[in-house]
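What the coordinates show
Listed below are the residues making up each chain.
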Amino acid sequence: MAIPFPPLLYSEKPPIPAPLAPLAAAAPPPAVVAPPPIPAPLAPLAAAAPPPAVVAPPPIPAPLAPLAAAAPPPAVVAPPPIPAPLAPLAAAAPPPAVVAPPPAVVETVAAPSQDDLKRIAAHRAVELVQSGMVLGLGTGSTAAHALNRIGELIRRGTLRDVVGIPTSKKTEAHATAVGIPLSDLHAHPVVDLSIDGADEVDPLLNLVKGRGGSLLREKMIEGASRRFVVIVDETKMVPRLGGSGLAVPVEVIPFCWSHTLGRLRSLFDGKPGFDARLRRATTAGDGGKDEPFVTDNGNYIVDLYFENGIHGDLDLISDKILRITGVVEHGMFLGMASSVVIAGKDGVRMEDKREVR
Ligand SMILES: O=C[C@H](O)[C@H](O)[C@H](O)COP(=O)(O)O
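A short tour of the structure in this document, coming up. Predicted model only: the values in this text are computed from it and were never measured. (Residues numbered from 1 in each chain as written. Predicted model: local features only at pLDDT ≥ 70, side-chain atom pairs only at ≥ 80, totals over all residues. Heavy atoms only, no water.)

1. Overview of the overall build of the chain
Helices and strands together make up the secondary structure of the chain, namely 10 helices and 17 strands. Relative to its 357 residues, the chain shows a buried fraction of 45%. Within the chain, contacts between residues at least 6 apart in sequence are counted, and of these 76% link residues at least 24 apart. (Helix = DSSP H or I, 4+ residues; strand = E, 2+ residues; numbered from the N terminus. Buried < 20%, exposed > 50% of the residue type's maximum accessible area, 1.4 Å probe, protein only. Contact = heavy atoms within 4.5 Å.)

2. Overview of the environment of Thr325
With respect to the helices and strands, the residue Thr325 is situated in the loop between helix H10 (314-322) and strand S14 (327-330). When the C-alpha positions of Thr325 and Ser338 are compared, they lie 30 Å apart, and in sequence the two are 13 residues distant. The contact partners of Thr325, leaving out residues within four places of it in the chain, are Thr260 and Arg263.

3. Some remarks on the site of the ligand
Near the ligand there are 16 residues, and of these Ser141, Thr142, Asp199, Glu218 and Lys236 occur at the shortest range. Contact distances for the ligand include 2.5 Å between an oxygen atom and a side-chain N or O atom of Ser141. A total of 370 Å² of accessible area belongs to the ligand in isolation, and the protein chains cover 91% of it. Looking at the shell around the ligand residue by residue, the class counts come to one nonpolar, nine polar and six charged. (Near = heavy atom within 4 Å. Polar contact = N/O pair within 3.5 Å; in protein donor to acceptor, adjacent residues only side chain to side chain. Areas by Shrake-Rupley, 256 points an atom, 1.4 Å probe, with all protein chains shown as cover. Nonpolar A, V, L, I, M, F, W, Y, C, P; charged D, E, K, R; others polar.)

4. Description of the side chain of Ser225
Within the secondary structure layout, Ser225 lies in strand S8 (residues 225-233). Residue class for Ser225 comes out buried when judged on its relative accessible area of 16%. Looking at Ser225, its side chain comes within polar contact range of the main-chain oxygen of Ile221, at 2.8 Å.

5. Quick word on the packing of aromatic side chains
Taken as a whole and assessed by the stated rule, the structure comprises three aromatic pairs. Geometrically, the ring pair formed by Phe268 and Phe274 is tilted, given 4.9 Å between the ring centres and 35° between the ring planes. Of the two residues examined, Phe268 and Phe274, each falls in the buried class. Seen in terms of ring centroids, Phe274 and Phe306 are 5.3 Å apart; in terms of plane orientation they differ by 50°. Their pairing is tilted. Here the residue Phe274 occupies a position in the loop between helix H9 (257-267) and strand S10 (275-278), and Phe306 occupies one in the loop between strand S13 (300-305) and H10, the gap between them amounting to 32 residues. Overall, the relative accessible area of 5% leaves Phe306 in the buried class. (Phe/Tyr/Trp six-rings, centres within 6.5 Å; stacked < 30°, edge-to-face > 60°.)

6. Side note on the nonpolar core
Among the nonpolar cores identified, the biggest contains 28 residues, and Val129, Leu135, Leu137, Ile150, Ile180, Ile195 and Ile231 are the most heavily contacted of them. Elements represented by at least two residues in this core include exactly helix H5 (114-126), strand S3 (134-137), helix H6 (141-156), strand S5 (191-196), S8 and strand S16 (339-344). By residue number, the principal contributor to this core is H5, which donates six residues. With sequence-adjacent residues up to four places away left out, Ile231 is seen in contact with Ala121, Ala122, Ala125, Thr142, Ala143, Ala146, Ile195, Asp196, Gly197, Ala198 and Val341. Val208, Phe268, Val302 and Met332 belong to the second largest nonpolar core, which has 23 residues in total. (Core = buried A, V, L, I, M, F, W, Y, C linked by side-chain atoms within 4.5 Å.)

7. What about the pairing of S5?
Most of S5 sits out of view: six of its six residues are buried. Relative to S5, S3 runs parallel, the two sharing three bridges. Within the sheet, the bridge partner assigned to Leu135 lies in S5 and is Leu193. Here S5 runs beside S8; their pairing, made up of five bridges, is parallel. In the sheet register, Ile195 faces S8, and the bridge partner there is Val229. (Pairing = 2+ DSSP bridges.)

8. Describing the sheet that holds S5
Within the open sheet, the six strands sit side by side as S4-S3-S5-S8-S16-S17. Their pairing is mixed. Taken across any chain shown, the strands that pair with only one partner, and hence form the sheet edges, are strand S4 (163-166) and strand S17 (347-352). Looking at each pair of strands side by side, their axes are set apart by 20° on average, direction ignored. With respect to the sheet, H5 is in contact with S5, S8, S16 and S17, its orientation differing from that of S8 by roughly 155°. (Axes fitted to C-alpha atoms, helices over the stretch in contact; angles between N-to-C directions.)

Purely geometric numbers; function is a separate question.
Next up, the structure:
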């Protein structure tokens, strides 16, 4: 059932309820925990990021400065480093002390915009984050709200010892900017919780993802997650995948891409309204040239379009696409989502995966 948000709505710092006030007064000031040592594969990133051994929190970018100024001065607690051989064990261990985040209540939203709804869904999902967790950090405009909220809770000291695994270079930069310590699947092969947006969600919680081009890393990290929570505004709900008429992306290697495109096209030959096109993008510099869109992995994207969605057995169609040599991955995420948080004009609700797909 949907939980209506107006007129209750949100306050960035909800008042501490009276029974908790003495506790709050006695509680130590929020601590900021230095991020864990960055594993070797991330060393190049570490060079760009704030030095991990430094006990002070990472520098707050200009747009976040007012937030940081409002936050209490952080006390600094450096956790004992986890010896390398124990890192996988640490990943599997239950999360340490849990500090419940404050209620995810935001500002008053009289007539919520689509972006308000994305933020409301994101904040609801971040309520599931607990200290000590390994997090999969999604990509896109909805996931960006989750990153901001996680960063805010870390700065307040409400969340401690979390590490995030970013699903794109953009998310890596964003997470660094808001102070989320980063890791990867080498150091943390099991992810406790991933939170990410989606382009489409069908009634069985199958997804289309990758209209931002990040499907491959998203599928790797979200597929390694104990729990994968999808956050959407209600416009993303469709009766069947491909039903929005927008792209169902397929990542392909650049070598002979038009041959791969032709083979993808032949899979859906004769389907009325079907089309397949190489995704193109206008480059920022150099007079804005129109070129193939290149993913974080150096690949291209072929977008598939279906007039009335994808009909047939999705698992079978997925297999057929993946069997084409030259295809790296596609953007249908079948049976992967544990839950979807849907924010709409009437409120926010969470749906859990049903066992039968
Ligand atoms: O590649 C992009 C990702 O799959 C995004 O999660 C997806 O496109 C949804 O993005 P947004 O939240 O911006 O609609």
